Each structure stands twice: as C-alpha cells, then as structure tokens.
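# Per-entry structural report
This is what each chain is made of:
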Amino acid sequence: MLCFKNETSLKHIGTQDIVTERFFLRKFQIEDLNDIYNNWTSDSEAAKYNAWKIHSSINVTKEYLNEWIKQYEKKDYYLWAITDKKSKEVIGSISASNIKNKKLYCEIGYTVSRKYWNKGIATEVLINVLNFLTIKVGFKNIRAYHDVKNIASGKVMQKSGMKYVQNKKQFFLNSEKLVMDCCVYDYKT
Ligand SMILES: CC(C)(COP(=O)(O)OP(=O)(O)OC[C@H]1O[C@@H](n2cnc3c(N)ncnc32)[C@H](O)[C@@H]1OP(=O)(O)O)[C@@H](O)C(=O)NCCC(=O)NCCS
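Here's what I pulled together on the structure shown here. Source: prediction; values computed, not measured.

One ladder, built from three bridges, connects strand β5 (residues 105-112) with strand β6 (residues 141-147); its direction is parallel. Bridge pairing in β6 links cysteine 106 to isoleucine 142. One crossover worth recording links β5 to the parallel β6 by way of helix α4 (residues 121-137), and it is right-handed. Both β6 and strand β8 (residues 179-188) contribute to a ladder of seven bridges, which runs antiparallel. Paired with asparagine 141 across the two strands is lysine 188, which belongs to β8.

Before going further, it helps to examine the site of the ligand. The local shell around the ligand holds 21 residues, among which Trp117, Ala122, Thr123, Ala152 and Lys155 are the closest. Counting residues per element, the ones that place at least two in the shell around the ligand are β5, α4 and α5 (151-159). For the shell around the ligand, the element with the most residues is α5, which contributes five residues. Partitioning the shell around the ligand into residue classes produces ten nonpolar, nine polar and two charged.

The subject of this paragraph is the packing of helix α1 (residues 33-41) against helix α3 (residues 58-71). As a packed pair, α1 and α3 sit with axes 10 Å apart at the nearest point and diverge in direction by 115 degrees. Relative to α3, the element α1 lies roughly perpendicular. α3 is crossed by α1, and the crossing has right-handed handedness. Each of Leu33, Ile36, Tyr37 and Thr41 in α1 lies in contact with α3, whose residues at this interface are Ile58, Thr61, Lys62 and Leu65. Tallied by class, the residues present in the contact of α1 with α3 amount to five nonpolar, two polar and one charged.

Moving on, we come to the pairing of strand β3 (residues 78-84). Strand residues, when the strand is regular, have side chains that alternate between the two faces of the sheet. Pairing of strand β2 (residues 23-26) with β3 involves four bridges; the strand directions are antiparallel. Looking at the pairing, phenylalanine 24 lines up with threonine 83 of β3. Linking β3 back to strand β4 (residues 90-100) in an antiparallel pair, the connection comprises five residues, with lysine 88 at a positive phi of about 70 degrees.

Here the focus is the nonpolar core. Ile82, Val125, Leu126, Val129 and Leu133 are the most contacted members of the largest nonpolar core, which totals 43 residues. Counting residues per element, this core draws most heavily on α4, which supplies nine residues. Not counting chain neighbours up to four residues away, the residues in contact with leucine 126 comprise Ile94, Tyr110, Val156 and Ser160.

Next up on the list: α1. Because an α-helix completes one turn every 3.6 residues, residues spaced three or four positions apart along the sequence face the same direction. Listed in full, the buried residues belonging to α1 are Asp35, Ile36, Tyr37, Asn39, Trp40 and Thr41. In this structure, the buried side of α1 is in contact with α2 (44-47), α3, β4 and β5.

About the thresholds
- Residues numbered from 1 in each chain as written.
- Predicted model: local features only at pLDDT ≥ 70, side-chain atom pairs only at ≥ 80, totals over all residues.
- Pairing = 2+ DSSP bridges.
- Helix = DSSP H or I, 4+ residues; strand = E, 2+ residues; numbered from the N terminus.
- Right-handed = clockwise from strand over helix to strand, strands pointing away.
- Near = placed C-beta within 6 Å.
- Nonpolar A, V, L, I, M, F, W, Y, C, P; charged D, E, K, R; others polar.
- Axes fitted to C-alpha atoms, helices over the stretch in contact; angles between N-to-C directions.
- Parallel < 35°, antiparallel > 145°, perpendicular 65-115°, else oblique.
- Left-handed = near helix turned anticlockwise from the far one by under 90°.
- Contact = placed C-beta atoms within 7 Å.
- Core = buried A, V, L, I, M, F, W, Y, C linked by C-beta atoms within 7 Å.
- Buried ≥ 20, exposed ≤ 12 C-beta atoms within 10 Å, placed from the backbone.

Right, here's the structure in full:
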C-alpha cells in the first residue's frame, strides 16, 4: 500500500525546554507554587486584562498547578514557566492553546510578574516561543488577542513580529469579563 506523508501536518512534541538570552522556559513543577502565587495569580493588575480571575488563596493556584502538570502528559500541550536564568525565580508564563490541527493554528497568551514589567521580557520570550511553534511544531497561523486598553501587550506583539489584523469582540468564559474589546494580531509563516 502506498503511503503519502502529509507535509502540512503539525508535529506535536509537547512543552520542550527553550533557552533565551536571559530566561529558561520549561514545564511547571510543584516547587513553583509560591512564585506563581506571589508573582501573578494573586495580583489583580496582572489579571486585569486577562481571561482569568485572581486566585483567592494559594490553594486555588495549587489546584491549577496540579492540573497543568497533569496535562504535560499530552503531546499537544504547550505551557511554559518563564524562569530567570540567574535567580531561578519563576516570573511568568506563556502558552499556546485553542489548537486547530488542520488549520495549523493556535493562540498564544502570556503573563509576566508586575515587578519585572517593561524590561523586554515578554518580547524576548514571545519571539522564542513563536520560533519554537513555527519551526519545531509546524504552526503556520498563530493568533493573539489583547484588550484594547492593554497597550503594553500590543507593543509586545508588534515587537515580536506579529501583524495587527482587526479589532474584535472576544467572548471569555470568565464570570467578570464576558466580553472584551480586543485587538487581534497574527503571526503567519
Ligand atoms: C503585557 C505584559 C506581558 C508585557 O510584559 P513586559 O515584559 O513588560 O513587555 P515588554 O517589556 O517586552 O514590552 C512592553 C512594551 O510596552 C510599553 N508600555 C508599557 N506600558 C505602556 C503604556 N501604558 N503605554 C504605552 N506603552 C506601554 C513598554 O514601554 C514596552 O515598549 P518598549 O520596549 O517600546 O519601551 C505584562 O504587562 C503583563 O504580564 N501584563 C498582565 C498580563 C497580560 O496583560 N498579558 C497579556 C494578555 S493579552
């Protein structure tokens, strides 16, 4: 029987380590709990323009963290802890979600601890993750949304080579923010 290789399919390899100039991107582990809670899940400013609500206690973060770790068994699960190479502190996260295999499509989202904003961190990390997702996995259409008021996130997308597409109302399943006015950015290869 003849078999033809589909040249346009994704090669899922899961959340692999990525090394950038200042950061080490890796899977979350249970020891990261305090950093995650202290650095962003308890911070209303970090949650302000995001689809998630702040966590009312560290136990909520622990439940999420356990679920993330469990999901790493899947080859199509992409969620990285952003760790500082020098201090080893976990200072944020970046993920690819809503994967559509046939369309070679996914959506990207990221958060950096408020203590470290405006130091080029999200941009450095996003550039490296876009490279990983396109070169190593084969995504050709990567999309990101940001609240129209979240100017910093729009700058990160622009500086990382993503192109503005349009403004759109995006529906989130968050009880506080059902609808957000968003800017849509695409990265196509
Ligand atoms: C959005 C976020 C990830 C940016 O992370 P970061 O590491 O600070 O990003 P960078 O330093 O790479 O780039 C931020 C850019 O926005 C600019 N900026 C920040 N606040 C700004 C503002 N209010 N108005 C205009 N520009 C602003 C910075 O000057 C910088 O641009 P520059 O390099 O040209 O000076 C971070 O603020 C965050 O985690 N916010 C909470 C979660 C979130 O909103 N995630 C994105 C959801 S779409």
